[in-house]
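# Summary of structural features
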Amino acid sequence: MATTRTATTHWEGNLLQGKGTVALESSKIGSYDVSWPARSEEPGGKTSPEELIAAAHSSCYSMAFSHGLAGKGHTVEHVDTRADVTFQPGEGITGIVLTVKARVPGLSEADFQAAAEDAKKNCPVSQALAGVKNITLRAELLG
């Protein structure tokens, strides 16, 4: 069954001095202030499209990684994923670094790395971000 999730943004003013609010409409869990300085300078208590992409990518990747390992009979104790999204004004999103640390008892390092790469390839958000030229992965199997 297909699902659709919705967020809305209200913006006032021009790009550089303007401000807006993004609302997570489907879940109704909150509204967050956004601004140009939050993208290109310091966040100052506001979010940015890139931070929201990082949240989507890290959570989707964790789910894909856990699912892929479970499908191969492995029990995942935990997965911690960080996504660092780099935004360059005038160029756009120039790179994403995914850093994953997981505890998966009985999994070899080689199988862990293969599963990590497979999750990167098959995560729906990774696929949606295929236009980003540089998405790298750092994966660490915890003992």
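You'll find the structure just up there.
Predicted model, so just to flag it, every value in this text is computed and none were measured.

### Regarding the sheet that holds strand E3 (residues 30-34)
- The three strands lie next to each other as E1-E2-E3, forming an open sheet whose pairing is antiparallel. The outermost strands of the open sheet, each flanked by one partner alone, are strand E1 (7-12) and E3. If you compare each strand with its neighbour and ignore which way they point, the axes differ by 20° on average.

### What to know about the nonpolar core
- By size, the foremost hydrophobic cluster in this structure holds 27 residues, and its most contacted members are Tyr 61, Phe 65, Val 100 and Phe 112.
- Residue assignment for this core shows that the elements contributing at least two residues are helix H2 (49-71), strand E4 (78-88), strand E5 (92-103), helix H3 (109-122) and strand E6 (135-142).
- Here this core takes six residues from H2, the largest share from any one element.
- Apart from residues lying up to four places away in sequence, Phe 112 is in contact with Phe 65, Ala 102, Leu 107, Ala 139, Glu 140 and Leu 141.

### Things to note about the pattern of salt bridges
- Applying the stated criterion across every chain yields a total of five salt bridges.
- A salt bridge links Arg 39 to Glu 50, with the nearest nitrogen and oxygen atoms 2.5 Å apart. Placement of Arg 39 in helix H1 (residues 36-40) and of Glu 50 in helix H2 is noted, with a sequence separation of eleven residues between them.
- Classification of Glu 50 as buried rests on a relative accessible area of 6%.
- The shortest N-O distance in the salt bridge between Arg 103 and Glu 77 comes to 3.7 Å. Note that Arg 103 is positioned in strand E5 and Glu 77 in the loop between H2 and E4, a separation of 26 residues in sequence.

### Observations regarding the side chain of Ser 48
- You can see Ser 48 is positioned in the loop between H1 and H2.
- Taking relative accessible area as the criterion, Ser 48 reaches 6% and is therefore assigned buried.
- Those residues in contact with Ser 48 that sit more than four places away from it in its chain are Val 34, Ala 38 and Arg 39.

### So, the side chain of His 57
- Along the chain, His 57 turns up in helix H2.
- One polar contact links His 57 to Ser 126, side chain to side chain, over a distance of 2.7 Å.
- Apart from the residues within four sequence positions on either side, His 57 is in contact with Ala 83, Ile 96, Leu 98, Cys 123, Val 125, Ser 126, Leu 129 and Ile 135.

### Structural notes on H3
- With 14 residues, H3 should cover 20 Å at 1.5 Å per step; its first-to-last C-alpha distance of 20 Å lies within 8% of that length.
- For H3, every residue scored as buried is listed here: Phe 112, Ala 115, Ala 116 and Ala 119. With its buried residues spanning 105° around the axis, H3 presents them on a single face. Those residues of H3 that are exposed and angled more than 90 degrees off the buried face are Ala 110 and Lys 121.
- Buried-residue contacts for H3 involve H2, E5 and E6.

Here is what the cut-offs are and how they apply
- Residues numbered from 1 in each chain as written.
- Predicted model: local features only at pLDDT ≥ 70, side-chain atom pairs only at ≥ 80, totals over all residues.
- Heavy atoms only, no water.
- Pairing = 2+ DSSP bridges.
- Helix = DSSP H or I, 4+ residues; strand = E, 2+ residues; numbered from the N terminus.
- Axes fitted to C-alpha atoms, helices over the stretch in contact; angles between N-to-C directions.
- Core = buried A, V, L, I, M, F, W, Y, C linked by side-chain atoms within 4.5 Å.
- Buried < 20%, exposed > 50% of the residue type's maximum accessible area, 1.4 Å probe, protein only.
- Contact = heavy atoms within 4.5 Å.
- Salt bridge = Lys/Arg side-chain N within 4 Å of Asp/Glu carboxyl O.
- Polar contact = N/O pair within 3.5 Å; in protein donor to acceptor, adjacent residues only side chain to side chain.
- Expected span 1.5 Å × (residues − 1).
- Arc of directions from axis to C-beta.

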